[in-house]
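Architecture at a glance
Each chain, letter by letter, is given below.
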Amino acid sequence: MAAGEVHTGRYRRVPPEGGWGLLVGVGMAMMFVVTLGSLPSFGLMFGDFLTDLGEETSAIALITSCFFSALSFAGLFTNTLMKKTSCRTVGLIGAVSYIIGSMMTIFVRSTNELLISFAVFQGAGFGLMIPVSYTTFNAYFVEKRVVMMSVAQTLIGLGTMFYPIFIQRSMDAFGFRGCMAVLAAINSHTLLAMLVMHPVQWHMRRVPLEYDPVPTSAPVAVAASDEKPLKTEDDFQELPAGQGLSQRNAKLRASRRASSIPGLGNWSGPVVVSDSTERDTKPATKWQILVDFLDLTLLKDPIYVNIVLGISFALYSDLAFFTLQPMYLFMLAFSKTDVSLIIAIGAGADLISRIFLAISSTCLNIKARYVYLAGALFTIVARFAFLCVFDFYGMAIVTAIMGFLRTWIHVPLPLVFSEYLPQERFPSGYGLFMFLQGNITFAIGPIVGYIRDVTGSYNVSFHVLTLVMALCVIPWFFEICYIRLKRKARTPELGHVTIPMIQETKA
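Every value quoted in this text rests on a predicted model; they were computed, and no experiment measured them.

1. Structural notes on the overall build of the chain
Looking only at helices and strands, the chain features 17 helices and 2 strands. In the chain, buried positions account for 49% of the 507 residues. Across the chain, every contact between residues at least 6 apart in sequence was considered, and the portion connecting residues at least 24 apart equals 83%. Split by element, the accessible area of the chain, about 24200 Å² in all, is 66% carbon and sulfur.

Listed below in structure tokens is the structure:
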């Protein structure tokens, strides 16, 4: 025992805040690099293959829509699977599914085969691995969560920045199927990433208690043992009013810990990292089971519906735009080297934007929904500029601007829901969003491809995607204005109510 150390014989178990958690962070970054890196480069990988089949734009739109639909459905049911088996096992199932899909792409000969291999197997596998990665990461880091997530995001940004260049060089060196084989080998690292997702109970640190009891303000994870969990400061409140205030303060602290933009991770969809809300275990009907499972009562809230629809339209518009961009650049007679470099520049700007958000979020207190709205609005402006440039340097600059703004659309996404929903309804609310977003993407996904094939114009397709992005900006803007006007109208009434309450408290 070190000099001056007090040992009472009692311990509490806390997350390691490092140690094996570092491998968890590296595994999470590795998984996102190999999965996210291929999405903006879809046109580079399969453009020539689909062109030879005569199903260029419509096939790309259909396959990417099905990919995100499979991702959303798989992420929606991840919590249910975690109740039946371990979190790590669910991640391994997702990794195996992703690897099988990657190996199947080596031998694809038609659009339907690519739809099954890429959209179904890889999309579902990705959807299972995302919640597992975030859940495990959040279990290993509490105090250092924001710092470690920022480091992981930096690694992800660096990996995705060089990914298109690597794909293009692999295509030049090995051809289409050789490149698919190389990517399948790289994607097999997702299995290693999920293998390091050990339960946090295996690596908990034992910290001796110097005093008994010691009030703590932050939740402490306790491994399964005979030890009783350490009481929090809420347990030592004497008066009911004081206890209620302490509980509200604890929720506020938890909300602040969860409301850091760099601590929320990436844009990639299902980030349901907490346990499901306790619900009635004996529903009366099958419909009640569905309502209970998806928490469909949220659909009665017009603001929640506006948030879901706006984000769903914005995500689809963004992903479809960057999927079609390489094909548009090829039409403008850009070389494959130039196209891969432009995509890499956009990814580099995305990395810089992530760092910018991480730094600015420590200094500025801006609602995530306002950040999201600003990103969508400025993206619309940047897209009009995109259609007015035709040289390499102009295209690189505009793509860098759109890549910088893209982070504002994807990174704050979970925080938009956590700001509006109560903490206990966030998992079900986010899960319902995933379900609806997957269906919306699947329903409207092929439309842009069909418009491109009918009109023969990429410009028309891009204008349609810009209009879809506006379906996020315009309703949100009117809602925010309406809420502010309504709040100002109620301010005098609230002022009259507040004064008697303060006087009564003082009495």
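Right, picking up where we left off after that structure.
2. Structural notes on the pattern of salt bridges
For side chains of opposite charge, pairing can occur when their charged atoms come near one another. The full count for this structure, using the stated rule, is 5 salt bridges. A salt bridge links Lys336 to Asp48, with the shortest nitrogen-to-oxygen separation between them at 2.4 Å. One end of the pair, Lys336, is in helix α12 (residues 336–363); the other, Asp48, is in helix α2 (residues 42–53), and 288 residues separate them in sequence. The shortest N-O distance in the salt bridge between Arg406 and Asp318 comes to 2.7 Å. One end of the pair, Arg406, is in helix α14 (residues 392–410); the other, Asp318, is in helix α11 (residues 302–331), with 88 residues separating them in the sequence. Grouping residues by exposure puts Arg406 and Asp318 together as buried.

3. Quick look at unusual backbone geometry
For Ala333, which is not glycine, the phi torsion reads 75° and is therefore positive. Relative to the elements of secondary structure, Ala333 occurs in the loop between α11 and α12. Ala333 gets classed as exposed once you look at its relative accessible area, which sits at 67%.

4. Digging into a nonpolar patch on the surface
A cluster of nonpolar residues, Val96, Ile100, Met104, Ile116, Val120, Leu191, Leu192 and Leu195, forms a patch on the protein surface that exposes about 590 Å² of accessible area. If you list the elements that add at least two residues to the nonpolar patch, you get α5 (87–104), α6 (111–140) and α8 (189–195). The class of Met104 is partly exposed, set by a relative accessible area of 30%.

5. Remarks on the environment of Leu315
Among the secondary structure elements, Leu315 is positioned in helix α11. With 94 residues separating them in the primary sequence, Leu315 and Ile409 have C-alpha atoms 7.6 Å apart. Residues within four places of Leu315 in sequence aside, it is in contact with Tyr372, Ile409, His410, Leu413, Phe433 and Gln437.

6. Overview of the nonpolar core
Phe32, Phe46, Phe126, Phe386 and Phe462 are the most contacted members of the largest nonpolar core, which totals 91 residues. Here this core takes 12 residues from helix α7 (residues 145–187), the largest share from any one element. Each of domain 1 (12–209) and domain 2 (292–489) accounts for three or more of the residues forming this core. Not counting chain neighbours up to four residues away, the residues in contact with Phe386 comprise Phe321, Gln325, Tyr328, Met395, Val398, Met402 and Phe462.

7. Quick notes on the packing of aromatic side chains
Counted by the stated rule, this structure contains 26 aromatic pairs. Ring centres of Phe386 and Phe462 lie 5.7 Å apart, and the angle between their planes is 85°; on these two criteria the pair is classed as edge-to-face. Placement of the pair is Phe386 in helix α13 (residues 368–386) and Phe462 in helix α17 (residues 458–506), with a sequence separation of 76 residues. Since its relative accessible area comes to 0%, Phe386 is described here as buried. Positioned over the ring face of Trp476 is Arg369, at 4.3 Å from the centre of the ring. A cation sits over an aromatic face here: Arg406 above Phe322, 4.4 Å from the ring centre.

Scoring rules and cut-offs
- Residues numbered from 1 in each chain as written.
- Predicted model: local features only at pLDDT ≥ 70, side-chain atom pairs only at ≥ 80, totals over all residues.
- Heavy atoms only, no water.
- Helix = DSSP H or I, 4+ residues; strand = E, 2+ residues; numbered from the N terminus.
- Buried < 20%, exposed > 50% of the residue type's maximum accessible area, 1.4 Å probe, protein only.
- Contact = heavy atoms within 4.5 Å.
- Areas by Shrake-Rupley, 256 points an atom, 1.4 Å probe, with all protein chains shown as cover.
- Salt bridge = Lys/Arg side-chain N within 4 Å of Asp/Glu carboxyl O.
- Patch = residues over 30% accessible without salt bridge, like charges linked within 9 Å, V, L, I, M, F, W, Y side chains within 5 Å.
- Core = buried A, V, L, I, M, F, W, Y, C linked by side-chain atoms within 4.5 Å.
- Domains from an automatic or database assignment.
- Phe/Tyr/Trp six-rings, centres within 6.5 Å; stacked < 30°, edge-to-face > 60°.
- Lys NZ or Arg CZ within 6 Å of the ring centre and 35° of its normal.

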